[in-house]
Amino acid sequence: MVEREDVHAAIEARRELGPELEPNVIDSFVERIEKRIAAEKRLPAQARRREGSFLLTLASLVLAIPLTGIAATHGGIVAMIVVWTGIVLVNAVYNR
């Protein structure tokens, strides 16, 4: 976000330099804002990926309980291995 001091500095610069240089002051201020926005857009993407990874892991564990029970009841150990291999692969592929 834009710091309060940056806004005050831009206003003071405009007052000191006068109306004839106002477009330059505004352009400089807008450029700084755009740089900060661009920098902030990069970070949340990483945070969203970590959040999505956590949610997928949590959902996998929640779904693993009934899937393991169903697999054990109807297919035995081989079906359980298939279910858990699928869960591990889904998480591994997503996190790459």
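From a predicted model like this one, the values you see are computed outputs, not experimental measurements.

1. So, the overall build of the protein
Helix and strand counts for the protein come out as 3 helices and 0 strands. The linear arrangement of helices and strands in the protein, starting from the amino end, is α-α-α. Residue pairs at least 24 apart in sequence account for 53% of intrachain contacts in the protein once pairs closer than 6 positions are excluded. Of the roughly 7700 Å² of accessible surface on the protein, 67% is carried by carbon and sulfur atoms.

2. Concerning the confidence of the model for the protein
Residues of the protein with pLDDT of at least 70 account for 89%, and the chain-wide mean is 80. No element of the protein has a lower mean pLDDT than helix H1 (residues 4-17), which averages 76, and none a higher one than helix H3 (residues 76-95), which averages 88.

3. Structural notes on the side chain of Ser60
Checked against the element boundaries, Ser60 lands in helix H2 (residues 22-74). Looking at Ser60, its side chain comes within polar contact range of the side chain of Asn91, at 3.0 Å. Here Ser60 is in contact with Ile87 and Asn91, once residues within four sequence places are set aside.

4. Some points on the pattern of salt bridges
Inspection of the entire model under this criterion finds 1 salt bridge. Glu31 is the partner of Lys35 in a salt bridge, and the nearest nitrogen-oxygen pair spans 3.6 Å. Taken together, the residues Lys35 and Glu31, both in helix H2 and 4 residues apart, mark about one turn of the helix.

Rules and cut-offs
- Residues numbered from 1 in each chain as written.
- Predicted model: local features only at pLDDT ≥ 70, side-chain atom pairs only at ≥ 80, totals over all residues.
- Heavy atoms only, no water.
- Helix = DSSP H or I, 4+ residues; strand = E, 2+ residues; numbered from the N terminus.
- Contact = heavy atoms within 4.5 Å.
- Areas by Shrake-Rupley, 256 points an atom, 1.4 Å probe, with all protein chains shown as cover.
- pLDDT = per-residue confidence, 0-100.
- Polar contact = N/O pair within 3.5 Å; in protein donor to acceptor, adjacent residues only side chain to side chain.
- Salt bridge = Lys/Arg side-chain N within 4 Å of Asp/Glu carboxyl O.

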